[in-house]
Amino acid sequence: MNFWSRLRRFPLWSWIWFIIGGLYFVLPLLATFEFSLSWDPEIPFKAYQRAFEDNDFWETFIYSNILALATIVVSIILIVPTAYWIRLRLPEARRLVEFITLMPFVVPAIILVFGLIRIYSSPFNIPFTDIRLMQPLTNFKAGTNILIVAGYMVLAMPYMYRSVDTGMRTVDIRTLTEAAQSLGANWYTIVTKIILPNIRSALLSGALLTFAIVVGEVTLASFLGVDAFGPYLFLLGQHRAYEPAALSFVSFLLTWLAMGLIQLFTGGQGQAAGAH
Amino acid sequence: MAQTAIQLKSSGTATTNWRVWLGVAPFLLFAFLFLFLPSLRLFTASFTDSDGNFTLSNIIQLFSEPFIVNAYKLSIQISAVTAVGGGILGFLMAYAVTVGGLPRSLRSVLITFSGVASNFAGVPLAFAFVATLGRQGFITHILRDYLGVNIYDAGFNLYSFAGLSLVYMYFQFPLMVLIMAPALDGLKREWREAAENLGATTTQYWLRVALPVLLPSILGAMILLFGNAFGAYATAYALTGGRIGIVTIQIGAQIRGDVLYNPGLGYAMAIGMVVIMAVSLAGYSWLQAKTERWLR
Amino acid sequence: MKPRKSLINLFSLLLLVSIALAACAPAATEAPPAATDAPASDPMSDLVAAAQAEGMLTTIALPHDWCNYGEVIETFKAKYGLEVNELNPDAGSADEIEAIKANKDNTGPQAPDVIDVGFSFGESSKAEGLIQPYKVSTWDSIPADAKDPDGYWYGDYYGVLSFLVNTDVQPDVPQDWADLLDPKYNGQIALSGDPRASNQAIQSVYAAALANGGSLDNAQPGLDFFADLNAAGNLIPLIANNGLVATGEIPIRITWDYNALAAIDTFEGNPNATVVVPASGRFAGVYVQAISAYAPHPNAAKLWMEFLYSDEGQTLWMKGYCHPIREADMRARGVIPADLLAKLPDVSGAVFPSLAQLNAAAELITTNWDAAVGADVQAAP
């Protein structure tokens, strides 16, 4: 009897799904890895040596990581209050905002980047005068960085918004807000001290998705002339056989590692632990 | 503290107070500046032909050309199949690591891995699958040499609709995992206990309590998966060489090809995609409104 | 405590990120040293000085392994001390044109100065006013049918369509187009792009026409040939690249001879591979160079052209197995190193289509490819 009741409590199906899913995920990666090792039977890691010989690998990877972090932070600042406000006070806006956040799926990245260039390559003048307020964004480094972070935010918008929205749905926003206000908190305090911590695991999901998108992105970066990781990989590996496999495997691992760090940094996940 | 009491709106009284809309103004401004303005060309160019004159022919072609109609059908099909398939599998995986009782560390591993896998697409993904399940793939070899099963003789073909769907799942179901894991966290233990106290079986708990609560999140995630697959291009191109003529590949051929084509038609097709997303969103909203009745 | 801590974390992260972004160094380059080359003629040294004043050149769609562009760019940078900004190496010709259009008002580093596009795009971009004329000092030695008489565009190199064969997997090497139909190549052949959009793939079909009873004016036999190849199951829909050839999934890849030869170099013996220029149906594809009418660095662009069309530049292309456009002239003057000459495959008898023929064939192939190959996967009703 003891054995059977213990067996019933053993999450058999969970393990089964996990293992099936795990196999599906891991096998293609294993195939890529195995292929990348097969270049020279005497020097199995030749492809990796070649790939790492290039200094630009680390430079561009780190730069892309920084861009990714910037995108995540600004996205959170933009989207969390918006989603919060919609849930709390403005349900009519919900469909509109959801529609907007689904649009990046149907606008090809190449149209987006050319559009951004067209619009932001002309100088900003005060209307009806010739007084120049600011140089065009494309002409200086910080301006281009702003453009590309904005572009990345647009690309990541669907994922970030959906994560945040799902996270907020599971938390009783209304009650929390009322309680906080009855204790005298202002909006800023509510959002940062009450809402944000409660949707931490959702924020983490959104952050991870954004991170992967930014680090792997090629179109925006290469047409805006930014030295990011995506274009670098492209430049290096397009016409080779083994290096691209090695590089895609390595960048997968490195991105995974970076995500692990993000997770540690944000203090883990999950609100009420052990929900049943 | 002289705080104005918050008027919490009860459902029904519409507020036309424009000040409330200020709250979403930053977001709308951002979307306007960095999404609409750059994409405006999409709209204007779809009414232009290759010589630059105004024309409705691009839009008309959307309905009259069989290859375009077919492209939309294919895109919708593959997006729907992978949204549902990826959705179910993703949900099961998310369930396994949250509510399903697997060790905590596995959850971290799965979540971070899903983060990376959700964006693993395009040529590297196609290559990985070819190296696994292609004619010379290592699983194909294992199955053939050790189990005597030749999957290609049995009719399996990686370079087909089924194969493409299989590959799409690689980034679809991690996405589902990432969205659903926080939602599953929201299932309170007390509900389960209360249900069990009242004598519910696991099935009844799931059917009557958990799933209705989760359904809006599940639907929301699935529309995201749908959009994700709908907009995918590089993977399909790399794996099937444009044979499976989904809309994004047709748009690519018109806009990005090495051959002089009709970009106006490409943009018109993109507008068609916008319309389809809008329709899907409407359908999803309707479904969600029905299911949200369960909450509150 | 926890929320405050994460708030502090958030702010320090934001601060760190802002500092990092603001301080981000521009692309790593050294300050331009004085030109190490002392050009003989005065206009040339004026041009060099003007180009160095501009300080940078923006290129687009130049993969490093294509015609040895990697070394071409590095040599150019070292010789003249200019910075070279490389935009999307994967861009197709249409993307390059679009980039010029989108960057009309832009003087920043996103605007391409020079483009390298398919033959048909030379005329069309001239008609749209997107390029500016410039005749390099070696203009006269460029064949007349490969350049625009007004100097707007000019052919740069050409290659011949060939088969890259992974001999480890398929030791039986096909020698001609007709051999490809043999059943022993079942499921082993692929094109390097989609014939509805990719230059290389379209011209592969066009080339097959030449070997199958067609001519430069009639590309239909090419479509028929590929229809047969597909029906026999020899053609697979994957887009071939060198990785797939190396795994053995696609032992036979139809591509430009310079790509195939460069691939064999990168394989370094694993796998063993060889290039076959088909015995009949030798089709030469020309690419053209042009300077953007809106180039922010016109002098650097002109210097780049001078470099490319000098003997040095043309020889560097030859190192990438491309046939430079001035090849006949250089052979006549005997300036090509003998070892390079030995490496170039024999492409005698290769035919060059005219612009009109090319456009007509492209039109035919792109519209009829789906029907020919039965590639239209029909959606379930």
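Residues numbered from 1 in each chain as written. Chains lettered and ligands numbered in written order. Predicted model: local features only at pLDDT ≥ 70, side-chain atom pairs only at ≥ 80, totals over all residues.

The next subject is the confidence of the model for chain A. Residue and element names in this part refer to chain A. Averaged over every residue, the pLDDT of chain A is 82; the share at 70 or more is 88%. Mean pLDDT values for the elements of chain A range from 62 in strand S2 (residues 132–134) up to 91 in helix H4 (residues 56–88). Taken as a whole, residues 270–276 scores under 50 in pLDDT and shows 18 contacts with residues more than four places along the chain or in a different chain. (pLDDT = per-residue confidence, 0-100. Helix = DSSP H or I, 4+ residues; strand = E, 2+ residues; numbered from the N terminus. Contact = placed C-beta atoms within 7 Å.)

As a further point, take the pairing of strand S7 (residues 252–256) of chain C. Residues in a regular strand point their side chains to alternate faces of the sheet. All names here are of chain C. The buried count for S7 comes to 5 of 5 residues, which makes it a mostly enclosed element. The pairing of strand S5 (residues 153–166) with S7 spans 5 bridges and is antiparallel. Bridge pairing in S7 links Phe163 to Ile254. Note that strand S6 (residues 189–191) and S7 share 3 bridges and pair parallel. Bridge pairing in S7 links Leu191 to Ile254. (Buried ≥ 20, exposed ≤ 12 C-beta atoms within 10 Å, placed from the backbone. Pairing = 2+ DSSP bridges.)

Residue and element names in this part refer to chain C. For strand S2 (residues 83–87), a buried count of 5 out of 5 residues is recorded, marking the element as mostly surrounded by other parts of the structure. Side-chain alternation along S2 places Glu83, Asn85 and Leu87 on one buried face and Val84 and Glu86 on a second face that is also buried. The sheet contact formed by strand S1 (residues 56–60) and S2 spans 5 bridges and is parallel. Bridging from a neighbouring strand, Ile60 pairs with Leu87 of S2. At this point the chain moves from S1, through helix H3 (residues 69–80), to the parallel S2, and the crossover so formed is right-handed. (Right-handed = clockwise from strand over helix to strand, strands pointing away.)

This part covers the interface of chain C and chain B. Across the contact, 32 residues belong to chain C and 30 residues belong to chain B. Listing elements by their share of the side of chain C that touches chain B, those giving two or more residues are helix H4 (93–102), helix H5 (119–127), helix H6 (199–211), helix H8 (242–247) and helix H14 (355–373) of chain C. Classifying every residue of the side of chain C that touches chain B gives 13 nonpolar, 13 polar and 6 charged. (Nonpolar A, V, L, I, M, F, W, Y, C, P; charged D, E, K, R; others polar.)

Across the boundary between the two partners, chain A contributes 77 residues, which contact 79 residues of chain B. Counting only elements with at least two residues in the side of chain A that touches chain B, the list comes to helix H2 (12–37), H4, helix H5 (92–102), helix H6 (109–120), helix H7 (141–169), helix H8 (173–182), helix H10 (200–216) and helix H13 (243–265) of chain A. Counting residues per element, the side of chain A that touches chain B draws most heavily on H2 of chain A, which supplies 13 residues. Taken together, the residues of the side of chain A that touches chain B break down into 45 nonpolar, 24 polar and 8 charged.

Here we come to H5 of chain C. Residue and element names in this part refer to chain C. All of the buried residues in H5 are Phe119, Phe121, Gly122 and Ser125. Considered in projection along H5, the buried side chains sweep an arc of 160° and stay on one side of the axis. In this fold, the buried residues of H5 make contact with H4, strand S3 (114–118), strand S4 (131–132), S5, strand S9 (284–292) and H14. Once H5 finishes, Gly129 follows within two positions and takes phi at roughly 75°, a positive value. (Arc of directions from axis to C-beta.)

Ranked by internal contacts, the top residues of the largest apolar core, which has 291 residues, are Val164 and Phe211 of chain A, Met93, Ala94, Met176 and Met180 of chain B together with Val205 of chain C. Of the residues forming this core, the biggest block, 16 residues, is contributed by helix H8 (residues 161–185) of chain B. For this core, the domains that each give at least three residues are domain 1 (42–158 + 285–343) and domain 2 (161–284 + 353–373) of chain C. (Core = buried A, V, L, I, M, F, W, Y, C linked by C-beta atoms within 7 Å. Domains from an automatic or database assignment.)

The next thing to look at is H8 of chain B. Residue and element names in this part refer to chain B. With 25 residues, H8 ought to run about 36 Å at 1.5 Å a step, and its terminal C-alpha atoms sit 35 Å apart, in line with that. Residue Met169 marks the point of greatest curvature in H8, where the axis turns by about 40°. Counting buried positions along H8 yields 20 of 25 residues, so the element is predominantly enclosed. (Expected span 1.5 Å × (residues − 1). Bend = angle between axes of the 7 residues up to and from the residue.)

Looking at where Leu224 of chain B falls in the secondary structure, it is placed in helix H10 (residues 202–230). Residue Leu224 of chain B is classed as buried on the basis of its 26 C-beta neighbours within 10 Å. Considering only alpha carbons, one finds Leu224 of chain B and Ala128 of chain B, 96 residues apart in sequence, at a separation of 25 Å. With residues near it in sequence (within four places) discarded, Leu224 of chain B still touches Pro158 and Arg162 of chain A together with Leu175 and Ile179 of chain B.

Another point: unusual backbone geometry. Backbone phi values are negative for most residues with the exception of glycine, while trans is the configuration of most peptide bonds. All names here are of chain C. Cis geometry is found at the peptide bond from Asn270 to Pro271, where omega equals 5°. Backbone geometry places Cys67, a non-glycine residue, at a positive phi of 55°. Turning to its location among the elements, Cys67 is positioned in the loop between S1 and H3.

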